[in-house]
Amino acid sequence: MIHNRIAIVGLHEQEYEYIRKHYDGLMIWHQSIPKIKVIDGTLYVEKAQGVGMLPVDKIVYHGIFEEDLDFIAGLALWNGPCFPDAHGMLDCRLKIPCLARAMKYSKFNSPRGFISEGAYVNTETEMVAKWGNWHCGENKHKFAGSWESTENAVLEPYFEGEAVRILHIGGKSWQIKLEGGTWLKSIHPDNAGFMEIDPELLEDTLTLKEKIGMTVIANDYIVQKDGTKHLLEINHIPNITRFEDVRLHFLKTVVDWIHKN
C-alpha cells in the first residue's frame, strides 16, 4: 500500500523546508528521534503534532543522538526505503566496531590497539586513545608515559601530518583539509576548506562505502610528510551544513532519491 507520506528526521528546519518545496506528498518532520513502530512490514512514525502514529513510505534520517542505535536498528528491521541505508548506518554507528570492520577493507589500515576501562598502559611514544560514539571530535586523549583509561578505548600511534576528510554523497566527492588550533582537527574552523582530491584516498573511501553498504560516507585520514596515509575513522552522518556546496548537493540528492524510490 502506498501512503504518499514520507518522514524527515534529524534535519534542521531550513533543510526540511527545501525538501518540503520539492515534494508534493505528505510529510512528517522531527528534529529529534520520534517514536516508531513496524507492523506487518509498515513503518509508522509519531505525528509531529497531536497523538498517534501515521504510516510512511520512506524516511530520510540525518542526525546523531545519544540513544539512536535502536532507532536505526528499527529502520533496518523495517528494511524499507531509507536514506541513508539503515544497515550501513547501523554498522557504523558504534565507532570501535565500525573501525574494526573498516580495518579489514582499508588500504590504510595501520595497526590499532585496545584498552579496557580501568586498565593501564605505558608508552615511550605519543599515543591517542579514542572512546565513545559521538563522531564529533570529542572523547580523544593524547598521552605518553603511564595512563589509566576511564573508558573502553581504541589505542593508536599519534600520527603527525595533514588531516583530511573524503566526503562522498550522491555520486560526488570532495576532499576537505581539516584545521584546528591544537592536534585536534575538524571541518569547523574558518580556514578549513576544499582541496584537490587524492585518488588513493578517494578509492579507499569508495571501497569502504561499497563493502559496508553506505549511502553517504566521510572518511578522515592523516597524510604524513613522507606520504604515508592512515585511516582514522568513518563518519556515517557527516556534517552537511558547513559548506553550502555540500549542503545543496545533499538536499538535491535527497530529493532525487525521494522521487526515484
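A short tour of the structure in this document, coming up. (Residues numbered from 1 in each chain as written. Predicted model: local features only at pLDDT ≥ 70, side-chain atom pairs only at ≥ 80, totals over all residues. Heavy atoms only, no water.)

1. Thoughts on the overall build of the chain
Piece 1. Helix and strand counts for the chain come out as 6 helices and 16 strands.
Piece 2. Each principal axis of the C-alpha atoms in the chain carries an extent, and together these give about 60 × 40 × 30 Å.
Piece 3. Across the 261 residues in the chain, those meeting the buried criterion constitute 48%.
Piece 4. For the chain, the exposed surface amounts to about 13000 Å²; the carbon and sulfur share of it is 49%.
Piece 5. With 28 positive and 36 negative side-chain charges, the chain shows a spacing of 4 Å between the two charge centroids. (Helix = DSSP H or I, 4+ residues; strand = E, 2+ residues; numbered from the N terminus. Buried < 20%, exposed > 50% of the residue type's maximum accessible area, 1.4 Å probe, protein only. Areas by Shrake-Rupley, 256 points an atom, 1.4 Å probe, with all protein chains shown as cover. Lys, Arg positive; Asp, Glu negative; His and termini not counted. Charge placed at Lys NZ, Arg CZ, Asp CG, Glu CD.)

2. Considerations on the sheet that holds strand β6 (residues 58–61)
Piece 1. Read across the open sheet, the 4 strands follow the order β2-β1-β6-β7; overall the sheet is parallel. In this open sheet, the two strands that pair with only one neighbour each are β2 (26–30) and β7 (82–83).
Piece 2. Judged from the 5 bridges that link them, strand β1 (residues 5–9) and β2 form a sheet pairing that is parallel. In the strand pairing of β2, arginine 5 is matched with leucine 26.
Piece 3. Where helix α2 (residues 69–78) meets the sheet, it contacts β1, β6 and β7, and its direction lies at approximately 150° from that of β6. (Pairing = 2+ DSSP bridges. Contact = heavy atoms within 4.5 Å. Axes fitted to C-alpha atoms, helices over the stretch in contact; angles between N-to-C directions.)

3. Some remarks on the pattern of salt bridges
Piece 1. What the rule picks out here adds up to 14 salt bridges.
Piece 2. One salt bridge connects aspartate 68 with arginine 93, and the closest N-O pair in it is separated by 2.6 Å. With a gap of 25 residues between them, aspartate 68 in the loop between β6 and α2 and arginine 93 in helix α3 (residues 86–93) connect regions that are remote in the sequence. Each member of the pair, aspartate 68 as well as arginine 93, is classed as buried.
Piece 3. The residue lysine 172 makes a salt bridge to aspartate 245 at a minimum N-O spacing of 3.5 Å. Of the two residues, lysine 172 sits in strand β13 (residues 172–177) while aspartate 245 sits in helix α6 (residues 244–260), which places them 73 residues apart along the sequence.
Piece 4. Judged by relative accessible area, lysine 172 falls into the partly exposed class, the value being 32%. (Salt bridge = Lys/Arg side-chain N within 4 Å of Asp/Glu carboxyl O.)

4. Quick notes on the pairing of strand β12 (residues 162–169)
Piece 1. For β12, the buried fraction is high: 7 of the 8 residues fall into the buried class.
Piece 2. As judged from the 8 bridges shared by β12 and strand β15 (residues 216–223), these two strands associate in the antiparallel manner. Residue pairing for β15: isoleucine 169 is matched across the bridge by valine 216.
Piece 3. Where β12 and β13 come together, 6 bridges link them in antiparallel fashion. If you follow histidine 168 over to β13, its bridge partner there is serine 173.
Piece 4. From the end of β12 to the start of β13, which pair antiparallel, there are 2 residues, and glycine 170 there has a positive phi angle of about 50°.

5. Side note on the nonpolar core
Piece 1. Counting 32 residues, the largest nonpolar core has Ile8, Ile19, Val60, Ile169, Phe250 and Ile258 as its most contacted members.
Piece 2. Among the elements of the structure, β1, α1 (13–21), β2, β12, β13, β15 and α6 are those that each provide at least two residues to this core.
Piece 3. Considering every element that reaches this core, the biggest residue donor is α6, with 7 residues.
Piece 4. Those residues in contact with isoleucine 19, other than ones at most four positions away along the chain, are Ile8, Leu11, Met27, Leu251, Val254, Val255 and Ile258. (Core = buried A, V, L, I, M, F, W, Y, C linked by side-chain atoms within 4.5 Å.)

6. A look at the packing of α2 against α3
Piece 1. One can describe the packing of α2 onto α3 by two numbers: an axis separation of 8 Å at closest approach and a directional angle of 150°. As judged from the angle between their axes, α2 and α3 are roughly antiparallel. Our pair here, α2 against α3, has a crossing hand that is left-handed. Here Leu69, Ile72, Ala73, Leu75 and Ala76 of α2 come into contact with α3, specifically with Ala86, His87, Met89, Leu90 and Arg93.
Piece 2. Classifying every residue of the contact of α2 with α3 by side-chain character gives 8 nonpolar, 1 polar and 1 charged. (Parallel < 35°, antiparallel > 145°, perpendicular 65-115°, else oblique. Left-handed = near helix turned anticlockwise from the far one by under 90°. Nonpolar A, V, L, I, M, F, W, Y, C, P; charged D, E, K, R; others polar.)

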